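Spelled out, the chains give:
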Amino acid sequence: QAQGDAETGKAKAATCVACHGNDGNSPTDMYPKLAGQHASYIEKQLLEFKAAAAGGTGRANAIMAGMVMPLSEQDMADLAAYYASEAVTPVAVSEAVIEQGAALYQGGDIERGITACIACHGPRGEGLESAKFPRLSGQHPAYIKAQLEAFRSGARENDPNGMMRDIATKLTDADIEVLSQYVVGL
Ligand code: HEM
Ligand code: HEM
C-alpha cells in the first residue's frame, strides 16, 4: 500500500475543492466533508469508486466515478493523507434527538438485532483508522441519512461483510432521521 504525503495531497486536491471545500469542509450538505476523516477509509473509498467505475464491484457513484478515473494509487494515498490531516468543523445537535439517538447509538436494540454503532464508530463518533471505520462526527446530517438509506436499499454495497447493510435493513425511517442528526454531534 502506498504511503501518503499530506502536502503533496493538498496540491493534488485542486479539483476536489469545488465540491468538498477548501480544507475538506464542504460548505453545502450536497457533498460529504472529508476533513478529519481517516486516511485508510478515504483511500478505500477512492479505490472502490474507481473499481465500480471500471465495471467491477465497489462503490458506484456517477460523480465520483469521473473524479477517480485519472487517480493513481499514490494520488489516492496522498489525497487521503491530506484530508485526514485537516480538522473537521463541529456540528451542533438539537436537544430533540439526544435521548433517542444516544439510546440507539450506544445500546443498539437487542430485540430488533441492531448492533450498537458505538462498537465500531466509537464513543465520540471518531471511527477507527486501523479498521477503516469512518468518523461520523462533524459530517453533514443529510449525507449520513443518504448513506444509511443507500446501505438499506443495497445501493451502497461496498461495506465489508455487509456490516452496515445488516444494520441498516433493521432501521426504520424514524431511526435513520434521529441517528443522522445525532451522530454528527458526538
Ligand atoms: C464522496 C473524495 C471530487 C462529489 C467522496 C468520498 C471521498 C471523495 C473520499 C467519500 C466520502 C465518505 O465516504 O465519507 C474526493 C476527491 C476528489 C473529489 C479526493 C478530487 C480528486 C469531487 C467533486 C465532486 C464530488 C469535484 C462534485 C462534482 C462527491 C459526492 C460524494 C463524494 C456527491 C458522495 C457520493 C455518495 O453519495 O456516495 N468524495 N472527491 N467529489 N464526492 Fe468526492
Ligand atoms: C460506514 C453509520 C454501526 C461499520 C458507515 C456510514 C455511516 C454509518 C453513516 C457511512 C459513512 C460515510 O460514508 O462517511 C452507522 C450507524 C450505526 C453503525 C448509525 C448504528 C446504527 C456500525 C457497526 C459497525 C459499522 C456496528 C461494525 C460492525 C462500518 C464500516 C463502514 C461504516 C466498516 C464503512 C463501510 C465502507 O467501507 O464503505 N456507518 N454505523 N457500523 N460503518 Fe457504520
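In the block above lies the structure referred to throughout.
Everything quoted here is computed from the prediction, not taken from an experiment.

Criteria and thresholds
- All residue numbers refer to positions counted from 1 along the written sequence of the respective chain.
- All chains are assigned letters beginning at A, and all ligands numbers beginning at 1, according to the order in which they are written.
- Totals for whole chains, interfaces and linings use every residue, but because this is a predicted model, local features are given only for residues with pLDDT of at least 70 and side-chain atom pairs only at 80 or more, for both listing and counting.
- Side-chain metrics in this entry use all non-hydrogen atoms of the structure; hydrogen atoms and water are not considered.
- We call a residue near a molecule or strand when any one of its heavy atoms sits within 4 Å of it.
- Two N or O atoms form a polar contact when they lie within 3.5 Å of each other; inside protein one atom must be a possible hydrogen donor and the other a possible acceptor, and for residues adjacent in sequence the pair counts only when both atoms belong to side chains.
- Numbering goes from the N terminus for both helices and strands, where a helix is a DSSP run of H or I of at least four residues and a strand is a run of E of at least two.
- All amino acids are sorted into three groups, where Ala, Val, Leu, Ile, Met, Phe, Trp, Tyr, Cys and Pro are nonpolar, Asp, Glu, Lys and Arg are charged, and the leftover types, Gly among them, are polar.
- Working definition of a nonpolar core: buried Ala, Val, Leu, Ile, Met, Phe, Trp, Tyr and Cys residues. They are joined through side-chain atoms within 4.5 Å.
- In this scheme, a residue with accessible area under 20% of its type's maximum is buried, one over 50% is exposed, and one in between is partly exposed, where area comes from a 1.4 Å probe on protein chains only.
- Any two residues whose heavy atoms approach within 4.5 Å at even a single point are treated as in contact.
- A helix is expected to span 1.5 Å for every residue after the first.
- Any pair of Phe, Tyr and Trp rings, taking the six-membered ring for Trp, is counted once the centres come within 6.5 Å. Such a pair is stacked with planes under 30 degrees apart, edge-to-face with planes over 60 apart, and tilted for the rest.
- Sites may look incomplete, because water is not among the atoms used; the donor set itself consists of N, O and S atoms within 2.8 Å of the metal (3.2 Å for Na, K and Ca).
- Irregular is the default label, applied whenever a site is not tetrahedral (four donors, all angles between 85 and 135 degrees) and neither square planar nor octahedral (four or six donors, opposite donors over 155 degrees apart, all other angles between 65 and 115).
- Note that the domain bounds were set by an automatic or database domain assignment.

Draft legend 1. Representation of the site of ligand 1 within the structure. What surrounds ligand 1 is a group of 20 residues, the closest being Cys 16, Cys 19, His 20, Tyr 41 and Met 64. Between ligand 1 and the protein, one listed contact pairs an oxygen atom with a side-chain N or O atom of Tyr 41 at 2.6 Å. Arg 59 is positioned such that a nitrogen or oxygen atom in its side chain is 2.8 Å from an oxygen atom of ligand 1. No other element matches helix α3 (residues 39-53), which puts five residues into the shell around ligand 1. For the shell around ligand 1, the per-class residue count stands at 14 nonpolar, five polar and one charged.

Draft legend 2. Quick look at the nonpolar core. Grouped together as the largest cluster of nonpolar side chains are 21 residues, with contacts concentrated most on Tyr 105, Ile 144, Leu 148, Leu 171, Leu 179, Tyr 182 and Val 183. Among the elements of the structure, α6 (95-107), α8 (141-153), α9 (163-168) and α10 (173-182) are those that each provide at least two residues to this core. Here Ile 144 is in contact with Leu 136, Gln 139, Ser 180, Val 183 and Val 184, once residues within four sequence places are set aside. Residues Ile 42, Leu 71, Leu 79 and Tyr 83 belong to the second largest nonpolar core, which totals 15 residues.

Draft legend 3. View of helix α5 (residues 73-85). Over its 13 residues, α5 runs 18 Å from end to end, which matches the ideal 18 Å to within 8%, given 1.5 Å per residue. Inspection of α5 places Asp 75, Met 76, Ala 77, Asp 78, Leu 79, Ala 80, Ala 81, Tyr 82 and Tyr 83 among the buried residues, and these make up the whole buried set. Of the surrounding elements, those touching the buried residues of α5 are α1 (6-12), α3 and α4 (62-68).

Draft legend 4. Geometry of the packing of aromatic side chains. Inspection of the entire model under this criterion finds two aromatic pairs. Ring geometry for Tyr 82 versus Tyr 83: centroids 4.8 Å apart, planes at 50°, classification tilted. Take Tyr 82 and Tyr 83: they sit in the same class, and that class is buried.

Draft legend 5. Expanded view of the coordination of the iron atom of ligand 1. Donor atoms from the polypeptide that coordinate the iron atom of ligand 1 comprise His 20 (NE2) and Met 64 (SD), at 2.0 to 2.2 Å from the metal. Coordination geometry of the iron atom of ligand 1: the six donor atoms subtend angles of 86 to 178° at the metal centre, consistent with an arrangement described as octahedral. You can see His 20 sitting in helix α2 (residues 17-20) and its partner Met 64 sitting in helix α4, a full 44 residues away along the chain. Residue His 20 shares its accessibility class with Met 64, and that shared class is buried.

Draft legend 6. Layout of the site of ligand 2. Near ligand 2, the surroundings consist of 24 residues, among which Lys 44, Cys 117, Cys 120, His 121 and Met 164 are the closest. The side chain of Arg 156 places a nitrogen or oxygen atom 2.7 Å from an oxygen atom of ligand 2. Broken down by secondary-structure element, the contributors of at least two residues to the shell around ligand 2 are α3, α7 (118-121), α8 and α9. With five residues, the top contributor of residues to the shell around ligand 2 is α8. Taken together, the residues of the shell around ligand 2 break down into 16 nonpolar, five polar and three charged. Each of domain 1 (6-85) and domain 2 (95-185) gives at least three residues to the shell around ligand 2.

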